[in-house]
Amino acid sequence: FIEKGVEKNVKAIRGDTLMETAKDNQIGLPAVCGGMCECSTCHVIADQATWDLLPEAEEGELDVLDTIKGVQDTSRLACQIDVTRAIEGARFTVPDSFSDAR
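Residues numbered from 1 in each chain as written. Predicted model: local features only at pLDDT ≥ 70, side-chain atom pairs only at ≥ 80, totals over all residues. Heavy atoms only, no water.

Student: Give a detailed account of the overall build of the protein chain, specifying residues and quantitative values.
Tutor: Within the protein chain, the secondary structure is distributed over 3 helices and 5 strands. Reading the protein chain from its N terminus to its C terminus gives the helix and strand order β-β-α-β-α-α-β-β. Taken over C-alpha atoms, the radius of gyration comes to 12 Å for the protein chain, in line with the 13 Å a tight globule of 102 residues would show. For the protein chain, the residues scored as buried account for 40% of the 102 residues in total. Taking the contacts inside the protein chain whose residues are at least 6 apart along the sequence as the reference set, 68% of them involve residues at least 24 apart. (Helix = DSSP H or I, 4+ residues; strand = E, 2+ residues; numbered from the N terminus. Rg over C-alpha atoms; globule rule 2.2 N^0.38 Å. Buried < 20%, exposed > 50% of the residue type's maximum accessible area, 1.4 Å probe, protein only. Contact = heavy atoms within 4.5 Å.)

In structure tokens, the structure reads:
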């Protein structure tokens, strides 16, 4: 994760979501809805190499992303990304501010 310009390497458990990994490692994602894909407060921005490794976002996630101010082409919701071997070494930037889409 990159938070406030500082890169933080974290331990992740395969099968957890990226949101759970962030919370377990004290990364500043509010994740207000607890992973229900409802609020947008676990918004992260993947670097392009990471983005290319991720499965496509589903319609519900895309709907939430459409409500976020400052969304980028490689934006995702951390609650919708499963930790897998394929994304080992992935880099996600945590935005400086969050909006709650609810």
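Student: How would you sum up the pattern of salt bridges? Please name residues and give values.
Tutor: Evaluation of the coordinates by the stated rule reveals 6 salt bridges. We note a salt bridge from Glu-3 to Lys-8, for which the minimum N-O separation is 2.9 Å. The class of Glu-3 is buried, set by a relative accessible area of 11%. For Lys-8, a relative accessible area of 31% translates into the label partly exposed. When salt bridges that share partners are traced, they join Glu-7, Asp-47 and Arg-91 into one network. (Salt bridge = Lys/Arg side-chain N within 4 Å of Asp/Glu carboxyl O.)

Student: Explain the side chain of Ser-75 to me, using residue names and the numbers behind them.
Tutor: Looking at the element boundaries, Ser-75 is found in strand β4 (residues 75–77). Within the local environment of Ser-75, its side chain forms a polar contact with the backbone nitrogen of Gln-72, the two atoms lying 2.7 Å apart. Ignoring sequence-local partners within four residues, the contact set of Ser-75 consists of His-43, Val-44, Ile-45, Trp-51 and Leu-65. (Polar contact = N/O pair within 3.5 Å; in protein donor to acceptor, adjacent residues only side chain to side chain.)

Student: Mind laying out the side chain of Thr-50, listing which residues take part and the relevant values?
Tutor: On the secondary structure map, Thr-50 appears in helix α2 (residues 48–53). Reaching out from Thr-50, the side chain makes a polar contact with the backbone nitrogen of Arg-91 at a distance of 2.9 Å.

Student: So what's going on with the packing of aromatic side chains? Which residues, and what values?
Tutor: Applying the stated criterion across every chain yields a total of 1 aromatic pair. With a centroid separation of 6.4 Å and 40° between ring planes, the pair formed by Phe-1 and Phe-92 is classed as tilted. One end of the pair, Phe-1, is in the segment before β1 (2–3); the other, Phe-92, is in strand β5 (residues 92–94), and 91 residues separate them in sequence. Note on accessibility: Phe-1 and Phe-92 belong to one class, buried. (Phe/Tyr/Trp six-rings, centres within 6.5 Å; stacked < 30°, edge-to-face > 60°.)

Student: Before we move on, can you summarise the nonpolar core with the specific residues and values?
Tutor: Ranked by internal contacts, the top residues of the largest apolar core, which has 22 residues, are Phe-1, Leu-18, Leu-29, Cys-42, Leu-77, Ala-78 and Phe-92. Broken down by secondary-structure element, the contributors of at least two residues to this core are α1 (18–24), β3 (43–46), α3 (59–65) and β5. Element by element, the count of residues in this core is highest for α1, at 3 residues. In this view, Cys-42 contacts Met-19, Leu-29, Ala-31, Arg-76, Leu-77, Ala-78 and Cys-79; residues no more than four positions away in its chain are not counted. (Core = buried A, V, L, I, M, F, W, Y, C linked by side-chain atoms within 4.5 Å.)

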